[in-house]
Amino acid sequence: MTPESRAGALLTIDLGAVVANWRLLRDRARPADCAAVLKADAYGLGAARVGPALAEAGCRWFFVAHLDEGLALKPLLPAGAILCVLNGLPPGAEAECEAAGLTPVLNSLPQLAAWSALARRLERRLPAVLQLDSGMSRLGLDAGETGRLAAEPALLDGVDLRLVMSHLACADDPSDPASEAQRHRFDADRARLPRAPASLANSPGIFLGPAFHLDLVRPGAALYGLAPARPNPMRPVVRLQGRVIRTHAVSAGQGVGYGLDWTATAPTRIATISVGYADGWLRSLGPRGAAWLGGTRLPLAGRVSMDLITLDVGALPEGALGPGDLVDLIGPMQDADAVAEAAGTIGYEVLTSLGARYARRYV
Ligand SMILES: *Cc1c(COP(=O)(O)O)cnc(C)c1O
């Protein structure tokens, strides 16, 4: 038996759709360059597969969050790829980063000082991205630190500034004036520094218009099919199918699952599926979650267990679903954003929670 045919669930990742999504964003952002954000293992979909596929399509800029993510991914990308570490470097990790050919995002004056010190020690200019805080108050130099850097250009000694970037806090709401305010503050702050290419937009930021594109856009979520705008212009990338272990009849009044939270109001059938919260099928899905068989919605009956969910399949003809069959958890009738809405979270969390026990198939 193949791992695919015995696994409790099958996760299919359409690399062709990821590439098509990248091309759509690239065309939309032209003449800006289009990067790919591959942090958190490409939002749970596999950076080792997504990265090389996008490099082959012509993507040159890549972003991960952690140094270790960069160290693992760098050998899989072509030599010309620029792989940036968004969180910057923990103190003392500079030499390792340089030796691996990674580009740090310098998020503070101490990170800048450490990188500049390494460059002076090696007597070589070292590439870096500089992040400015344009209003999100998370990472990057604030206005005061930017002022200090403008007054003391020697702080940049040995640093080959490849990009100045900032990040939007509210891009997912096009009517929020915060994005425009951040853009103006970013423009003003970077005007005080040595000239370098600039980057501001994540996936939804790309859809705020050309003024946000600057020289490079940095989509993550939209590459993986999550909606950067409505209606969603992206191609679906993920299909998650859970396997039926058993189906059985329950009578009116019978409770199902932990706490017996769900009670059958009429005789029906329950299908028990081999996916649970340990697989990232969020427990908060509770009574609002569902699976699909073709066009038929199969609501969750009872709480999500660690390794199992139970579905009310009374809407299906008897015998339509049996042991070994697959139902759609993420698929044509229900994308990751819809699952997230039912769980009270965002599609980003649904994707990055996808479990390690799924059999993964790349097409
Ligand atoms: C995660 C991240 C991105 C990508 O954001 P999406 O909304 O997934 O497109 C871009 N830039 C930074 C700094 C990030 O942390």
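Predicted model, so just to flag it, every value in this text is computed and none were measured.

The rules behind the values
Residues numbered from 1 in each chain as written. Predicted model: local features only at pLDDT ≥ 70, side-chain atom pairs only at ≥ 80, totals over all residues. Heavy atoms only, no water. Helix = DSSP H or I, 4+ residues; strand = E, 2+ residues; numbered from the N terminus. Contact = heavy atoms within 4.5 Å. Areas by Shrake-Rupley, 256 points an atom, 1.4 Å probe, with all protein chains shown as cover. Near = heavy atom within 4 Å. Polar contact = N/O pair within 3.5 Å; in protein donor to acceptor, adjacent residues only side chain to side chain. Nonpolar A, V, L, I, M, F, W, Y, C, P; charged D, E, K, R; others polar. 1 Å grid on protein atoms, 1.4 Å probe; cavity = no way out; pocket = protein on both sides within 12 Å on 5 of 7 lines; lining within 4 Å. Points joined across faces, edges and corners; volume = space filled by probe spheres on them. Expected span 1.5 Å × (residues − 1). Buried < 20%, exposed > 50% of the residue type's maximum accessible area, 1.4 Å probe, protein only. Arc of directions from axis to C-beta. Phe/Tyr/Trp six-rings, centres within 6.5 Å; stacked < 30°, edge-to-face > 60°. Lys NZ or Arg CZ within 6 Å of the ring centre and 35° of its normal.

## Describing the overall build of the protein chain
No. 1: From N to C terminus, the protein chain includes twelve helices and 19 strands.
No. 2: Its C-alpha atoms give the protein chain principal-axis dimensions of roughly 75 × 45 × 35 Å.
No. 3: Long-range pairs, those at least 24 residues apart, make up 66% of the contacts in the protein chain with a sequence separation of at least 6.
No. 4: Surface accessibility of the protein chain: about 15700 Å² in total, with carbon and sulfur atoms responsible for 53%.

## A short note on the site of the ligand
No. 1: Contacts to the ligand come from 15 residues, most closely from Lys39, Tyr43, Ser203, Ala221 and Tyr348.
No. 2: Within the side chain of Lys39, a nitrogen or oxygen atom sits 2.7 Å from an oxygen atom of the ligand.
No. 3: For the ligand, a nitrogen atom lies 3.0 Å from a polar atom in the side chain of Arg218.
No. 4: Computed on the free molecule, the ligand has an accessible area of 390 Å², of which 93% lies beneath the protein chains in the complex.
No. 5: Within the residue set of the shell around the ligand, elements represented by two or more residues are α3 (39–43) and α10 (203–206).
No. 6: For the shell around the ligand, the class distribution of residues is eight nonpolar, four polar and three charged.

## With respect to the layout of surface pockets
No. 1: Empty space within the largest pocket amounts to approximately 960 Å³.
No. 2: Lining the largest pocket are 39 residues, with Asp172, Asn202, Pro204, Ala221 and Tyr348 sitting closest to its centre.
No. 3: Per element, the largest residue contribution to the lining of the largest pocket is four residues, and it comes from helix α11 (residues 336–343).
No. 4: Looking at side-chain class alone, the lining of the largest pocket contains 24 nonpolar, eight polar and seven charged residues.
No. 5: In this structure, the second largest pocket spans a volume of roughly 260 Å³.
No. 6: Lining the second largest pocket are 19 residues, and of these Pro236, Val237, Val238, Ile330 and Asp335 sit closest to its centre.
No. 7: Every element with two or more residues in the lining of the second largest pocket is listed here: β11 (238–250) and α11.
No. 8: Considered class by class, the residues forming the lining of the second largest pocket number ten nonpolar, four polar and five charged.

## Describing empty space enclosed by the protein
No. 1: The final tally for this structure, using the stated rule, is two cavities of 30 Å³ or more.
No. 2: Considered as a void within the structure, the largest cavity measures approximately 60 Å³ in volume.
No. 3: Its residues assigned to classes, the lining of the largest cavity comprises three nonpolar, five polar and two charged.
No. 4: Empty space within the second largest cavity amounts to approximately 50 Å³.
No. 5: Along the walls of the second largest cavity sit Thr247, Arg269, Val313, Leu316, Pro317, Glu318, Gly319, Ala320 and Leu321, which together make up its complete lining.
No. 6: Taken together, the residues of the lining of the second largest cavity sort by class into five nonpolar, two polar and two charged.

## Quick notes on helix α9 (residues 178–190)
Residues lying three or four places apart along an α-helix face the same way, a consequence of the helix completing one turn every 3.6 residues.
No. 1: With 13 residues, α9 should cover 18 Å at 1.5 Å per step; its first-to-last C-alpha distance of 18 Å lies within 8% of that length.
No. 2: Of the positions making up α9, those classed as buried are Ser179, Gln182, Arg183, Phe186, Asp189 and Arg190. Projected down its long axis, α9 carries its buried residues within an arc of 135 degrees, all on one side.
No. 3: The inward-facing, buried residues of α9 abut α8 (143–151), β8 (159–165) and β9 (198–199).

## A look at the packing of aromatic side chains
No. 1: Inspection of the entire model under this criterion finds three aromatic pairs.
No. 2: Judged by centre distance (4.9 Å) and plane angle (40 degrees), the ring pair of Tyr43 and Tyr224 falls under tilted. Of this pair, Tyr43 sits in helix α3 while Tyr224 sits in the loop between β10 (216–217) and β11, and the two are 181 residues apart along the sequence.
No. 3: Taking relative accessible area as the criterion, Tyr43 reaches 6% and is therefore assigned buried.
No. 4: A residue is classified by how much of its surface remains accessible, and Tyr224, at 2% relative accessible area, is buried.
No. 5: A ring pair is formed by Trp61 and Phe63, whose centres lie 6.4 Å apart and whose planes are at 15 degrees; its orientation type is stacked.
No. 6: Residue classification places Phe63 among the buried positions, given a relative accessible area of 0%.
No. 7: By the ring-pair criterion, three or more aromatic residues cluster together here, those being Tyr43, Tyr224 and Tyr348.
No. 8: One cation-aromatic arrangement involves Arg49 over Tyr362; the distance from NZ or CZ to the ring centre is 4.5 Å.
No. 9: Lying across the ring of Phe186, Arg190 places its NZ or CZ 5.1 Å from the centre.

Take it as geometry only, folks, not as evidence of what the structure does.
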